[in-house]
Amino acid sequence: MNSGHQHRVFGRRAQEHILILASGDKVRHMTVRPWMAALAFCFVGVFSIGYLLATSYLVLRDDLIGATMARQARMQHDYEDRIAALRAQVDRITSRQLLDQQVVEDKVDKLMEQQMALTSRHGKLDNLLDRAESSGLTEKDGAPTPSSPVQSYAPDVKDKRASLSGSGIEAIEKQLASGAPADVTPDNSTLAYVPATDTVGDRADRIFSKVTLSLKDVEQDQRSRVEQLTSDAGNAANAIETVLTRFKIPMPETAARKDDDDAVGGPYVEPESNDGFNNSLAALDGALTRLEAVRSTAESLPFRNPAIGKDVTSPFGNRRDPFLGRLALHSGIDFRFSPGERIRPTAPGKVISAGWTGGYGNLVEVDHGNGISTRYGHMSEVLVKVGDTVDRNDVIGLAGSTGRSTGTHLHYEVRQDGHAVDPVYFMNAGLKLATYIK
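Every value quoted in this text rests on a predicted model; they were computed, and no experiment measured them. (Residues numbered from 1 in each chain as written. Predicted model: local features only at pLDDT ≥ 70, side-chain atom pairs only at ≥ 80, totals over all residues. Heavy atoms only, no water.)

*Asks:* Sorry if this is basic, but what is going on with the overall build of the protein chain here?
*Replies:* Secondary structure assignment for the protein chain yields 8 helices and 14 strands. Looking at the protein chain residue by residue over its 438 residues, the buried ones come to 32%. The contacts of the protein chain with a sequence gap of at least 6 include a subset with a gap of at least 24, amounting to 69%. (Helix = DSSP H or I, 4+ residues; strand = E, 2+ residues; numbered from the N terminus. Buried < 20%, exposed > 50% of the residue type's maximum accessible area, 1.4 Å probe, protein only. Contact = heavy atoms within 4.5 Å.)

*Asks:* Where do I start with the pattern of salt bridges in this structure?
*Replies:* Close approach of charged atoms lets side chains of opposite charge pair. Using the criterion set out here, one finds 9 salt bridges in the structure. The shortest N-O distance in the salt bridge between Glu 341 and Lys 310 comes to 2.8 Å. Note that Glu 341 is positioned in the loop between strand S6 (333-336) and strand S7 (342-343) and Lys 310 in the loop between helix H7 (276-299) and strand S3 (312-314), a separation of 31 residues in sequence. Taking the relative accessible area as the measure of exposure, Glu 341 reaches 23% and is therefore partly exposed. A residue is classified by how much of its surface remains accessible, and Lys 310, at 28% relative accessible area, is partly exposed. (Salt bridge = Lys/Arg side-chain N within 4 Å of Asp/Glu carboxyl O.)

*Asks:* What am I meant to see in the confidence of the model for the protein chain here?
*Replies:* A low pLDDT means the predicted coordinates there should not be read in detail. The predicted model of the protein chain has a mean per-residue pLDDT of 77, with 77% of residues at 70 or higher. Here residues 140-169 is modelled with pLDDT under 50, and outside its nearest four sequence neighbours on either side it reaches 54 contacts, counting other chains as well. The low-confidence segment residues 179-194 (pLDDT under 50) makes 19 contacts with residues lying over four places distant or belonging to another chain. (pLDDT = per-residue confidence, 0-100.)

*Asks:* What am I meant to see in the pairing of S6 here?
*Replies:* On a regular strand, one side chain projects to one face of the sheet and the next to the other, so that they alternate. As defined by bridge partners, S3 adjoins S6 across 2 bridges and the pair is classed as antiparallel. Pairing of Val 312 across the sheet is with Phe 335, part of S6. Where S6 and strand S13 (residues 409-416) come together, 4 bridges link them in antiparallel fashion. Considered in S13, the bridge of Phe 335 is made with Leu 410. (Pairing = 2+ DSSP bridges.)

*Asks:* What should I look at first to understand the packing of aromatic side chains in this one?
*Replies:* Both the distance between ring centres and the angle between the ring planes are used here to describe each pair of aromatic rings. Throughout the structure, instances matching the rule amount to 4 aromatic pairs. Aromatic rings pair up to connect Phe 247, Phe 303 and Phe 426 into one cluster. Seen from the ring of Phe 337, Lys 310 lies directly overhead, with NZ or CZ sitting 5.1 Å from the centre. (Phe/Tyr/Trp six-rings, centres within 6.5 Å; stacked < 30°, edge-to-face > 60°. Lys NZ or Arg CZ within 6 Å of the ring centre and 35° of its normal.)

*Asks:* What is the right way to read the nonpolar core from this model?
*Replies:* Most often, soluble globular proteins have nonpolar side chains that are buried together. Core analysis: the largest hydrophobic core is formed by 50 residues, its most contacted members being Ile 240, Leu 244, Leu 291, Phe 303, Ile 343 and Leu 433. Listing elements by their share of this core, those giving two or more residues are helix H2 (34-134), helix H5 (200-246), H7, S6, strand S9 (362-367), strand S10 (372-382), S13 and helix H8 (423-432). Counting 7 residues, the second largest nonpolar core, distinct from the first, contains Val 104, Leu 111, Leu 118 and Leu 215. (Core = buried A, V, L, I, M, F, W, Y, C linked by side-chain atoms within 4.5 Å.)

*Asks:* Looking at this model, I keep getting lost on a negative patch on the surface. Mind explaining?
*Replies:* Taken together, the side chains of Glu 105, Asp 106, Asp 109 and Glu 113 present a region of like negative charge at the surface. Structurally, Asp 106 is set in helix H2. (Patch = residues over 30% accessible without salt bridge, like charges linked within 9 Å, V, L, I, M, F, W, Y side chains within 5 Å. Areas by Shrake-Rupley, 256 points an atom, 1.4 Å probe, with all protein chains shown as cover. Lys, Arg positive; Asp, Glu negative; His and termini not counted. Charge placed at Lys NZ, Arg CZ, Asp CG, Glu CD.)

*Asks:* In this structure, what is going on with the layout of surface pockets? I would like to understand it.
*Replies:* Any empty space left between atoms is shown by rolling a water-sized probe over those atoms. Roughly 490 Å³ of internal volume is contained in the largest pocket. Among the secondary structure elements, those contributing two or more residues to the lining of the largest pocket are S3, strand S5 (327-330), S6 and S13. The residue inventory of the lining of the largest pocket, partitioned by class, reads 5 nonpolar, 12 polar and 6 charged. Quantified by volume, the second largest pocket comes out at close to 270 Å³. Lining the second largest pocket are 15 residues, and of these Asn 305, Pro 306, Arg 344, Pro 345 and Arg 392 lie nearest its centre. Residue classes in the lining of the second largest pocket are distributed as 6 nonpolar, 3 polar and 6 charged. (1 Å grid on protein atoms, 1.4 Å probe; cavity = no way out; pocket = protein on both sides within 12 Å on 5 of 7 lines; lining within 4 Å. Points joined across faces, edges and corners; volume = space filled by probe spheres on them. Nonpolar A, V, L, I, M, F, W, Y, C, P; charged D, E, K, R; others polar.)

*Asks:* Can you walk me through the side chain of Thr 402 in this structure?
*Replies:* Here Thr 402 shows up in the loop between strand S12 (397-399) and S13. Exposure remark for Thr 402: the relative accessible area of 16% places this residue in the buried category. Within the local environment of Thr 402, its side chain forms a polar contact with the backbone nitrogen of Asn 362, the two atoms lying 3.0 Å apart. Looking at Thr 402, its side chain comes within polar contact range of the main-chain oxygen of Met 379, at 3.0 Å. If we skip the residues at most four places from it in the chain, Thr 402 touches Trp 356, Gly 359, Tyr 360, Gly 361, Asn 362, His 378, Met 379 and Ser 380. (Polar contact = N/O pair within 3.5 Å; in protein donor to acceptor, adjacent residues only side chain to side chain.)

*Asks:* Looking at this model, I keep getting lost on the side chain of Asp 321. Mind explaining?
*Replies:* Here Asp 321 lies in the loop between strand S4 (317-320) and S5. Not counting residues up to four positions away in its chain, the partners in contact with Asp 321 are Arg 326, Ala 328 and Arg 404.

*Asks:* In this structure, what is going on with H8? I would like to understand it.
*Replies:* Since one α-helical turn is 3.6 residues long, residues separated by three or four positions face the same way. Within the span of H8, buried status applies to Pro 423, Phe 426, Met 427, Ala 429 and Gly 430. Within H8, the buried residues cover an arc of 160° as seen down the axis, which keeps them to one side. Counted as exposed and oriented over 90 degrees from the buried face of H8: Tyr 425 and Leu 431. (Arc of directions from axis to C-beta.)

*Asks:* Would you mind going over unusual backbone geometry with me for this structure?
*Replies:* Trans is the common state for peptide bonds, and a negative phi is the common state for residues other than glycine. Backbone geometry at Lys 248 places phi at a positive 60°, although glycine is not the residue there. Structurally, the position occupied by Lys 248 is in the loop between H5 and helix H6 (252-260). The exposure class of Lys 248 is exposed, given its relative accessible area of 74%. A positive phi is found at Asp 417, a non-glycine position, where the angle reads about 55°. Along the polypeptide, Asp 417 turns up in the loop between S13 and strand S14 (419-421). Judged by its relative accessible area of 58%, Asp 417 is exposed.

Here's what the structure looks like:
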């Protein structure tokens, strides 16, 4: 029994499922295979999954689109904020550059004003230096005169002042061009404003500060040297006046003041400026004017030796007369000359006597002004006439032995207010004035 039961259970084939389709008189049937069932199951599963996915997409689509749009809006806002920050930074940099440019232009204008002031001083200073040179305070080669060694500064004043013509602006442009330009392109990785470490304005401030200090140093150096020139001119004028005072020569400065105050007038107007440098130039001008006046007076007087290197055969004063053998006043100095040697006056002046004059023989007398005249006697020939104006280099006659003379010589005589004075006094004074007069 057991074996029959097992046969019925295990040995029986599984019944096939048949799908019957009836339509009117027609009946159709289809056997449902297992693989068909599996295929149908798979199809239903795939369809279900697709349906679920489609349903999920339709349900979540609005949220996804909204999130995407929100993300895009945030990105757009971020970019707009960055662009706005960059624009603000560019505006700040542009404003800074415009401000720096204005600062540079203002400083250039100020420097140009200073340079114009220096240029305006150029002519005055050159004129004063030329006058100082002609007055004996400086020499053309820049070497100081023996009497005033400090005057070696004066040529430096001229050279340093001349070097300022255009050099300040060129130096500024050169230094500005050598610097790196300001960074006007900010880093896009950050929105923070980072100012340039060294702008054109900063470099301009440093450059103009150096140039201004340099100009002030030059001006101070010039002023100190102009003051030194003023002091030297005053000292030279005082030295000449001291010598002239000994001979009771009136100072030309007094007459100049009277002439300056004569026939002048007009309303009082405040001076244009109270510049210290201009005041120092005015002081130097006054000192040079005074020096030129007293120097001109000294050069017009017979302070020079009429016979340099010649032997003195008879000094001024009482002596034994060579013809009478008794004591007599010798009113001049006799210098040994060779026959026909040229004789020149010791100072410029006007000839007031020319020709035979008693014991003087052939005589030339020259008036030098201020009551002082000189006489040149015993000449073999007179080469000038009354009324002629002569200079120190003009030949007025030839040496001889005319009149009361024992041999060829020059009788040189100096008269002040009509009275004969010892020419040695004038020649000694001339030695003291040798560094001040030509």
